[in-house]
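Listed below, chain by chain, are the residues.
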Amino acid sequence: MLANRINLSKKVYLLRITEIAVLATVYILTARLGQLFAIDPGNVTPIWIPSGIIFAAVYLRGYYLLPGVFAGAFLGNIWAYFDFADYSNVGASLFSATLNGLGDSLCAFLGVYLVRRAANNKELFGNAKTVGHFIVYGALVGSAVSALLGVTGLAISGFLPWSEYLYIWQTWWVGDTVGVLLFAPLLIYIHLWRDWRWFDYTKQLELALFSVLFCLFCYLLVQQYFAIQLPLILAMPLLIWLVFRFKVHIALSFLFIISTVAILDTSIGSGALFGDKLNQALVELQIFVLTINMTILVFIGAVREQRLASEQQAQSESHSRRLLADLPIGVALCDMQGNLREVNQAYANILGRSIEETLKLSYWDITPKVYADQEQVQIRNLNLHGRYGPYEKEYIHRDGRMVPVRLSGIKLQVDGEELIWSSVEDISERKRAEEQLFASELRYKTLFNSAADGIIITDELGNIHSFNKMAEYIFGYSAHEVLGKNVSILVPAPHSAKHDKYIKAFKQGRTSSIVGTGREVPGVRKDGNVVPLYIAISKNEENNETRYLAVLHDIQQEKLAQQKLQHAKEQADKANKAKSDFLSA
């Protein structure tokens, strides 16, 4: 594992060294190319190509490339100012080259650091604000630092007179700024060339038409057919068309092409930007390239921001529609007249229709007329409070049957129009369950109250919860008189005190001699009479609640019959004894 990490570190180190060397080489070569447009004194170029390259490299790859920036600027400066014939300016060349290297390194570091900090991890050209950060921090501020150190080094070294310091600093600063604006965006977005999915047949035709007009513009630019010195008026509409209709890398590419044409045309002493003097022409070239680049970059940021907002809105709407479609309850949007504007599948399913069929209906087409008065009440609530419901009603199904639903909704303002957003729940299952429960309770109550024996149900404290008709007959109480009261009111003294002890003992977990067995007990009626009862008590646990069910049988008649039988037996015994006594006498 350690060996693999060491090998990986070596590979990363070698890769970075290679990248630093490549960047320094590219810097030197492009610096020599840029110096073809140098302005005397000081050999300062109005278009500095390396500034854009080093910004893009450091922005994309990282700050570890800064040594390559320094090496390229240092060697490029030596190449430009060192006199290989007599070596008389070795010290001056080394000094100016060092300051130039430091200036370009600081330019790249400050530009990238400030842009990243201001952009806060957002896309560099994602909106007009981040484009502004790039122009100010990446181009203007960074280039100003480079120009300050570079021109100062040249002045101290004697390569330019101090009297020309401000002019040369301005030219250097603008040249670096133009280089950053022209080359950095193109290189940063070079990876977009891998994606051609957007380039359909319509875009191909449009780009072909644009290319023809663009070539015509470049021809007129070269042939000096413009009546104005700076051909911005004709360039801007073409480039704005490009920004609004094509991807950012396409717009940047054509921006690079038109800038390159203007640069090359001016360098050979012709074209619309060329005047009587080369230096003046190069300054006008700076203004032209700087203006169109800054303007188009701002447009790119604004357009990308608008597109991103549109894409996010489209994604949000798509996400909302998916959520709406997946909701288990019906959702509908209608106007104040009841015309349905939008519904989800669950809403259409309630009506037994498709979404397309449902949208052809109005709210009143699916509402039975018997609910007209109720609907007016809900509409008043909607107008007064901005919402209605929840309430229950019925919808008309496609097959004509009534579907019970539960509705609630709010009033919305959409593009200045008042709409009603409603949620609708099909409560058919709940209604059926309620009906079944009601029927079950009705059957239970019927059986409970028609039982031949008295039935009393209590909680674990002995409070009465149910009292059937036979219990009412036995004790002379109506159910509402005893519900919620302790069952001890039905037990005569002193048995009532014992009854409370039984409950307390059983609650504490001890066994009870009365639960699960049958026995004879006395009961006291409402009129105070005591009646003999046979009682059987059972215990039931449900939903963490304890209930006791007592089944009572009035054995008063049995007792009377037993007493009569006993009395008859006693009379028979007496008669038999009297007969025996008579016969023995």
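Keep in mind the model is a prediction, meaning the values are calculated, not measured.

What counts, and where the lines are drawn
Residues numbered from 1 in each chain as written. Predicted model: local features only at pLDDT ≥ 70, side-chain atom pairs only at ≥ 80, totals over all residues. Heavy atoms only, no water. pLDDT = per-residue confidence, 0-100. Helix = DSSP H or I, 4+ residues; strand = E, 2+ residues; numbered from the N terminus. Pairing = 2+ DSSP bridges. Axes fitted to C-alpha atoms, helices over the stretch in contact; angles between N-to-C directions. Core = buried A, V, L, I, M, F, W, Y, C linked by side-chain atoms within 4.5 Å. Buried < 20%, exposed > 50% of the residue type's maximum accessible area, 1.4 Å probe, protein only. Contact = heavy atoms within 4.5 Å. Parallel < 35°, antiparallel > 145°, perpendicular 65-115°, else oblique. Left-handed = near helix turned anticlockwise from the far one by under 90°. Nonpolar A, V, L, I, M, F, W, Y, C, P; charged D, E, K, R; others polar. 1 Å grid on protein atoms, 1.4 Å probe; cavity = no way out; pocket = protein on both sides within 12 Å on 5 of 7 lines; lining within 4 Å. Points joined across faces, edges and corners; volume = space filled by probe spheres on them. Salt bridge = Lys/Arg side-chain N within 4 Å of Asp/Glu carboxyl O. Patch = residues over 30% accessible without salt bridge, like charges linked within 9 Å, V, L, I, M, F, W, Y side chains within 5 Å. Areas by Shrake-Rupley, 256 points an atom, 1.4 Å probe, with all protein chains shown as cover. Phe/Tyr/Trp six-rings, centres within 6.5 Å; stacked < 30°, edge-to-face > 60°. Lys NZ or Arg CZ within 6 Å of the ring centre and 35° of its normal.

This paragraph deals with the confidence of the model for the protein. Mean pLDDT over the protein works out to 80, with 83% of the residues at or above the 70 mark. At the level of individual helices and strands, the protein shows its lowest average pLDDT in helix α17 (residues 495–507), which scores 62, and its highest in helix α2 (residues 49–61), which scores 91.

Once that is clear, we can look at the pairing of strand β2 (residues 340–343). Successive side chains on a regular strand alternate, one facing one side of the sheet and the next facing the other. Sheet topology note: the strand β1 (residues 330–335)/β2 ladder contains three bridges and is antiparallel. Directly across from C334, in β2, lies its bridge partner L340. Linkage of β1 to β2, two consecutive antiparallel strands, is achieved through a turn of four residues, within which G338 is found at a positive phi near 95°.

The strand order across the open sheet built from five strands is β7-β6-β10-β9-β8, with neighbouring strands paired in antiparallel fashion. If you trace the sheet from one side to the other, it starts and ends with β7 (464–467) and β8 (518–524), each paired once. Each strand of the sheet is rotated relative to its neighbour by a mean of 30°, with strand direction disregarded. Two elements, strand β9 (residues 530–542) and strand β10 (residues 545–554), share ten bridges in a ladder whose sense is antiparallel. Across the sheet, residue I537 finds its bridge partner in β10, namely A550.

Counting 69 residues, the largest nonpolar core has F55, F134, L242, L297 and I300 as its most contacted members. Ignoring any residue separated from it by four or fewer positions in sequence, one finds I300 in contact with F125, V243, V248, A251 and L252. A332, L340, Y363 and I420 belong to the second largest nonpolar core, which has 19 residues in total.

Viewed as axis vectors pointing N to C, helix α5 (residues 128–157) and helix α6 (residues 165–188) meet at an angle of 140°, and their least axial separation amounts to 8 Å. Taken as axis vectors, α5 and α6 run oblique relative to one another. Here α5 runs over α6; the crossing is right-handed. The residue inventory of the contact of α5 with α6, partitioned by class, reads 19 nonpolar, six polar and one charged.

With that settled, the discussion passes to the layout of surface pockets. Quantified by volume, the second largest pocket comes out at close to 400 Å³. In terms of lining residues, the second largest pocket is bounded by 17 residues, among which K247, V248, R304, R307 and E311 are the most central. No other element matches helix α10 (residues 278–326), which puts four residues into the lining of the second largest pocket. Across the lining of the second largest pocket, the residue classes tally to seven nonpolar, two polar and eight charged.

On to the pattern of salt bridges. A full pass over the atoms with the stated rule returns 16 salt bridges. Its salt-bridge partner being R341, residue D335 comes within 3.6 Å of it at the nearest N-O pair. Judged by its relative accessible area of 40%, R341 falls in the partly exposed class. Residues participating in the shared-partner salt-bridge network are K203, E206 and R245.

Taken together, the side chains of Y63, L106, F109 and Y113 make up a nonpolar region of the molecular surface, amounting to roughly 330 Å² of accessible area. Following the sequence through the fold, F109 ends up in helix α4 (residues 90–119). Looking at F109, the relative accessible area reads 31%, which means it is partly exposed.

All told, the structure shown has 19 aromatic pairs when counted by the stated rule. Between F70 and F74, the ring centres sit 5.9 Å apart and the planes meet at 20°, which makes this aromatic pair stacked. Residue F70 and its partner F74 are both found in helix α3 (residues 66–81); the two are separated by four residues, about one turn of the helix. When its relative accessible area of 29% is taken as the criterion, F70 is described as partly exposed. Between the aromatic rings of F183 and F256, the centroid separation amounts to 5.4 Å while the plane-to-plane angle is 70°, which identifies the pairing as edge-to-face. Taken together, the residues span a long stretch of sequence, with F183 in helix α6 and F256 in helix α9 (residues 248–267) at a distance of 73 residues. For F256, a relative accessible area of 25% puts it in the partly exposed group. Ring pairing ties together the aromatic residues F210, F214, W241 and F254, which thus form one cluster. Above the ring of Y64, the side-chain terminus of R16 is found at 4.2 Å from the ring centroid. The side chain of R116 reaches across the aromatic face of Y59, ending 4.3 Å from its centre.

As defined by bridge partners, β1 adjoins strand β5 (residues 417–426) across six bridges and the pair is classed as antiparallel. The residue bridging V331 from the neighbouring strand is S423, located in β5. As paired elements, strand β4 (residues 402–414) and β5 share ten bridges and run antiparallel to each other. For Q413, the partnering residue across the bridge sits in β5 and is E418.

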